[in-house]
Each structure stands twice: as structure tokens, then as C-alpha cells.
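Geometric and topological summary
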Amino acid sequence: MHASFWHSRWQSNQIGFHQAQVNAYLQQQWPALALESGARVLVPLCGKSLDMLWLAGQGLQVLGVELSGRAVEDFFAEHQLVPQVEQSGAFKVYRCDDIEIRCGDFFALTAEDVKGCTALYDRAAVIALPVEMRKRYVEHLSAILPLSAKGLLITLDYDQSQIDGPPFAVTDGEVQRLFADWHPQEQAVHDVLADSPKFKQAGASHLLERVYRLQR
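Described in the following lines is the structure provided in the data block. (Residues numbered from 1 in each chain as written. Predicted model: local features only at pLDDT ≥ 70, side-chain atom pairs only at ≥ 80, totals over all residues. Heavy atoms only, no water.)

Brief notes about the sheet that holds strand S7 (residues 150-157)
- Strand order in this open sheet of 9 strands is S3-S4-S5-S2-S1-S6-S7-S9-S8, and the pairing throughout is mixed. Two strands in the sheet have a free side with no partner beyond their single neighbour: strand S3 (84-88) and strand S8 (185-191). Across the sheet, the mean angle from the axis of one strand to that of its neighbour is 20°, orientation sign disregarded.
- For strand S6 (residues 117-122) and S7, the ladder comprises 4 bridges, and the chain directions are parallel. Bridge pairing in S7 links Ala119 to Lys150.
- Across the face of the sheet, helix H4 (residues 69-78) comes into contact with strand S2 (61-66), strand S4 (91-96) and strand S5 (99-103) while running at roughly 160° to S5. (Pairing = 2+ DSSP bridges. Helix = DSSP H or I, 4+ residues; strand = E, 2+ residues; numbered from the N terminus. Axes fitted to C-alpha atoms, helices over the stretch in contact; angles between N-to-C directions. Contact = heavy atoms within 4.5 Å.)

Quick word on the pairing of S4
- As judged from the 5 bridges shared by S3 and S4, these two strands associate in the antiparallel manner. When the bridges of S4 are listed, Ser88 appears paired with Phe91.
- Taken together, S3 and the strand that follows it, S4, pair antiparallel across an intervening segment of 2 residues, in which Gly89 is found at a positive phi of about 60°.
- In this structure, S4 lies alongside S5, joined through 5 bridges in antiparallel fashion. The residue of S5 that forms the bridge with Arg95 is Glu100.
- Connecting S4 to the next strand, S5, in antiparallel fashion are 2 residues, including Asp97 with a positive phi near 55°.

Looking at the pairing of strand S9 (residues 208-215)
- Counting buried residues in S9 gives 6 out of 8 residues, a clear majority hidden from the surface.
- Relative to S9, S7 runs antiparallel, the two sharing 8 bridges. Along S9, the bridge assignment pairs Asp157 with Leu208.
- The pairing of S8 with S9 spans 6 bridges and is classified as antiparallel. In the sheet register, Ala188 faces S9, and the bridge partner there is Val211. (Buried < 20%, exposed > 50% of the residue type's maximum accessible area, 1.4 Å probe, protein only.)

Let's talk about the side chain of Asn23
- The topology assignment puts Asn23 in the loop between helix H1 (3-11) and helix H2 (24-29).
- Judged by relative accessible area, Asn23 falls into the buried class, the value being 4%.
- Engagement of the side chain of Asn23 in a polar contact is seen with the backbone nitrogen of Leu26, the distance being 3.1 Å.
- Residues within four places of Asn23 in sequence aside, it is in contact with Asp51, Tyr121, Arg123 and Ile154. (Polar contact = N/O pair within 3.5 Å; in protein donor to acceptor, adjacent residues only side chain to side chain.)

And the structure:
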């Protein structure tokens, strides 16, 4: 996807992908990762996700990465947070308490930018990318995060011929191939078609949410 696509979606408030509550799978599955207090968590393509607040509330340091400046500014404004802002290399960096968001291109992230990150939370990143970009995304994650990193991945799986993305369909087979070095273990799978008018109206036959635990 071109950057202009996402900038346009945020500017026109076409952000149906944004959840108005903390993700239930995150709350259910994250504790099993048993991270130490103060661990740093990378949240790629974070938008203005409430999940970042929840993670910070668990005593973790959160590092979000987001292309849209509108999304980043909305996140802090909507929660009455006043960040310190500075330019650092390719990123405009916003920091407030235990949350840091780097505004810029995810693929510009370096190992130095994510230094100290021992965990990954991906609810909206891999499913936001077309198939030709997903392999590059995972390869970049693997290059900049430590070999000891662990995390949680949430995907959507449906018949892509029935409705196009984003969010895109990512099958279990593709997860197993892309994240092979992360040894993905499926923790839950639920058909949520009944809760998605967009997919029902498009004639989708199923809409599976899959949750994986990752451990390099």
C-alpha cells in the first residue's frame, strides 16, 4: 500500500480498523508471555490503539510505530497526554510516560531505534499489508529485534476472492511460513462474521480471527 492511501484514510476518518476498546485477545493471552516488569514492547502500525495504554498499564514500556501523524496526535490528545516531541533521524518521536510513538515509515526502523525491545504485539500490522509486503515486513522485524524476542500476533482469515482488503486475509499456512523463525503457536480461533456487517454484506462465508503466540 502506498503511504498516501493510509494518510487519506486517517484524514477522512475512514478508520473502521480502529477498535474502541482494548483487544480482548490481548488481555487474555498477553500474561502468558510472562515478560518482566519494565520490558519494552514494539507495536508496529499502531494507529491510535487503546492497546498501547493497556500494555503501559501492565508496567511495560511501549514503542509504537505509525505512518500517520494525524493518528499519533489524536492518540495523545484523546487521552489528555502531553508528549515531548523531537525529530530523531527518519522519525518524529512523541514520548509521554511509558509510551513512545515514532511517526514515520516502519521500514526505516533500525535495531538502534528498537533497542531494548524484547516483545512484539501485532494486531493490525501484517493484515494491513498486501501479500508482496508481508514477507518484507517479517524479515525486517526479524532483522531488528533480538533473537530472544517473543510476542502476540492476531490475524484475520477469510476468502479474499469474496471481499478485498485491507484488512487482508492471512491464512494459518502463511503465518507458519512467514513467521517460521518465530515458531507460531495458535492459541485461539473464532469466527466473528456475525459481528462484521462489512463482511456479511460483501457475502463473506467466514471471518476467522486467529491468535498466535510467538517465540524466536
